[in-house]
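Now for the letters of each chain:
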There are 2 protein chains.
Amino acid sequence: MMKRIKEDDRMTKITMKEIAEFAGVGKSTVSRYFNGGYVKEETRLRIEAVCREYHYQPNSVAKTLKARHSYQIGVITPSIDSRTSARVLTALDEQLRLSGYTPLLINTNHNEIRELSSLESFSRMNVEGIILLATQITPEHERILHKLRLPVIVLAQEMANVVTITLNDYEAGREVGQRIGQTHHQAVCLLGVSETDKAVGITRKQGILDGLQETGVSSIDFLETDFSFETSRQVVREYLKTHRPDCLICATDNLAMAAFKELHSAGLRIPQDVSLVGFGGYDVSEVLTPALTTVRFDYELEGRTAAELILELIAGNPVESVKIGYTMIEGESVIER
Amino acid sequence: MMKRIKEDDRMTKITMKEIAEFAGVGKSTVSRYFNGGYVKEETRLRIEAVCREYHYQPNSVAKTLKARHSYQIGVITPSIDSRTSARVLTALDEQLRLSGYTPLLINTNHNEIRELSSLESFSRMNVEGIILLATQITPEHERILHKLRLPVIVLAQEMANVVTITLNDYEAGREVGQRIGQTHHQAVCLLGVSETDKAVGITRKQGILDGLQETGVSSIDFLETDFSFETSRQVVREYLKTHRPDCLICATDNLAMAAFKELHSAGLRIPQDVSLVGFGGYDVSEVLTPALTTVRFDYELEGRTAAELILELIAGNPVESVKIGYTMIEGESVIER
């Protein structure tokens, strides 16, 4: 039967440095042990033995340590089923790991309520910062983000008074629009998403429309879909029953893949009958035949930058918002008319 | 480890109240301990000593103990950059959400140390259960998994004394092997992964080899790669410099995409010169030209089942391990020789 050990001043005077010394391990290992990090079983047993022997009370120290450094960053993503977010998240993950941080990920599957509740969940958990891959910024987002007492980085959407990392959607859209106008397309259909996604649904779209109009394209249809492959296929299928565009500009490569599939089913050749353009620059655009003409945003850079900036914020350093550039990928899916 | 095991008559029927009494702590502290909440190190050691002494198995009263719900499930994935894991995770996510649970995701990027440390991190956090998408099971995995005081489901790899959800890798491999033999291929190259991944590197491979041998294929080369697109391209590129197989069987669709790309670059036609087979059945296999012949495992079912089983374990119900079936997808990338 164990006796209750009385708290005693003499008992708790051993330091972390001494624990490391007595256990024959590095101080960083002891620190990792108390921070909940991984240590080998044998090492753990030795640290625990020293703690028991010296009646070490870890909670007093551990509490301060934990409050300051959990080495966890909360990451909120709208999807784990898209090449774009996969690229951003993988690069972000690797970069955070380099500094000993672990990203904890919550997927919202494009659900706004989950996005908001995830912000609150993370703020109650012991994460040191939050990175939000945003699909939209509502007043409710602003309210919650501004009252968080944690460093926050918002990706993909503009927002005042928060550090954001956004793509150069307007310029990329405009270059695509100009390109399509300059190659003399006349009946252009734009497959896009709703305006709740400001970056893709408004900014990127406006760039495309401006580029088309600057180069004299007057017939422009707009088809709205969501980001899913299946919905997009349906929308394109219906449209092709009654329309014959000479170019389809798709707001993402995933939408372009859906259009690719439906153009095939309708017996239309790419690019002879219809030109096709996407935005994304995934691996898959290369293996399509013909290869997809698309815009590549540097998603790896976006992810790495997010990791770097959140660590700067955690360190208390001043940080500015950043815009990520793009490259036109010359495929074989656009032809001069 | 709270996996439901057979109750043993020899076990002492010690109650929570008695544990509290013997350890000299409050009953609520014991409850918090078993719920994964924070208890002082000294208290934890005393509770553990009592449990050891009385051979206490926490699972027997787990149901009553779950007074406090965090409604969070820890999910550990080797990748967030693969179509396979994306499908499993998305289905898993949606199914858990239906019951009000939020999955917290840690990506290990195929790093074993991160996988082990994630298990320990989650066990210290206030999650109600852990789902591990495993790439391998080492003795260290077994040690950690068996001592966890939380419900656990392991996906993709076999493991004793833990509830697992695995694919029917052997049968699927064998059917592919037979198919290739029956269509009279003679010089088959198998693009696979290392044996550390038991499911894909050993079981699936053995199925393929058995299927090929049963149908009289004697010339079989084996190329080892990892799961990445780039490494696989390199491996195939080197091989094609000196070999002319009439069929490439790839252990995943991602490897098949890499092979597709390199066969093209080498001026080889699919399927006229070389037949190509994958395993996965992603959307992308449809948009390849020619469409990829592949095996579709029902990853959505795998994800949904994982969600259902972890909730059963949390509820204290008995749960059995499950095998997930497959379908052959008839593409255009295999031809009769």
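This text gives an overview of the structure that appears in the document. Just so we're clear, the structure is a prediction, and the values are computed from it rather than from any experiment.

**With respect to the nonpolar core**
Membership of the largest hydrophobic core comes to 84 residues, with the highest contact counts inside it found for A:Ile131, A:Ile180, A:Ile249, B:Ile131, B:Ile153, B:Ile180 and B:Ile249. The residues contacting A:Ile249, other than those within four sequence positions of it, are A:Val176, A:Ile180, A:Val188, A:Cys189, A:Leu190, A:Leu191, A:Ile208, A:Leu212, A:Val277 and A:Phe279. A:Ala134, A:Ile144, A:Val162 and B:Leu132 belong to the second largest nonpolar core, which has 38 residues in total.

**Considerations on the interface of chain B and chain A**
Accessible area lost during the coming together of the parts is what is often quoted as the interface size. Listed per partner, the contact involves 54 residues of chain B and 50 residues of chain A. Run the count over chain B and chain A and you get three salt bridges. Here A:Glu94 and B:Arg114 are joined by a salt bridge, their closest N and O atoms 3.0 Å apart. In this assembly, chain B and chain A are joined by 10 residue pairs in polar contact (both at pLDDT 80 or more). Of all the elements, helix H6 (residues 112–124) of chain B adds the most residues to the side of chain B that touches chain A, at eight residues.

**Some words on unusual backbone geometry**
All names here are of chain A. In this structure, the amide linkage connecting Ile270 to the following residue, Pro271, adopts the cis form with an omega of 0°. With respect to the helices and strands, the residue Pro271 is situated in the loop between helix H11 (253–265) and strand S9 (275–280). The phi dihedral of Tyr71 is positive, around 55°, even though this residue is not glycine. Take Tyr71: it is sitting in the loop between helix H4 (58–68) and strand S1 (72–77). Judged by relative accessible area, which is 31%, Tyr71 ranks as partly exposed.

**Looking at the packing of helix H1 (residues 16–23) of chain A against helix H3 (residues 41–53) of chain A**
Residues and elements named next belong to chain A. Following both chains from N to C, one finds H1 and H3 inclined at 120°, their axes separated by 9 Å at the closest point. As the angle between them shows, H1 and H3 are arranged oblique. Handedness of the H1/H3 crossing: right-handed. In this structure, H1 contributes Ile19, Phe22 and Ala23 to the contact, and H3 contributes Arg46, Ile47, Val50 and Cys51. Classifying every residue of the contact of H1 with H3 gives six nonpolar, no polar and one charged.

**Focus: the state of the cysteines**
For the structure shown, the criterion picks out zero disulfides over all chains. Of all cysteine sulfurs in the structure, the one in A:Cys250 sits closest to A:Cys247, which takes part in no disulfide; the separation is 8.4 Å.

The rules behind each value
Residues numbered from 1 in each chain as written. Chains lettered and ligands numbered in written order. Predicted model: local features only at pLDDT ≥ 70, side-chain atom pairs only at ≥ 80, totals over all residues. Heavy atoms only, no water. Core = buried A, V, L, I, M, F, W, Y, C linked by side-chain atoms within 4.5 Å. Buried < 20%, exposed > 50% of the residue type's maximum accessible area, 1.4 Å probe, protein only. Contact = heavy atoms within 4.5 Å. Salt bridge = Lys/Arg side-chain N within 4 Å of Asp/Glu carboxyl O. Polar contact = N/O pair within 3.5 Å; in protein donor to acceptor, adjacent residues only side chain to side chain. Helix = DSSP H or I, 4+ residues; strand = E, 2+ residues; numbered from the N terminus. Axes fitted to C-alpha atoms, helices over the stretch in contact; angles between N-to-C directions. Parallel < 35°, antiparallel > 145°, perpendicular 65-115°, else oblique. Left-handed = near helix turned anticlockwise from the far one by under 90°. Nonpolar A, V, L, I, M, F, W, Y, C, P; charged D, E, K, R; others polar. Disulfide = S-S within 2.5 Å.

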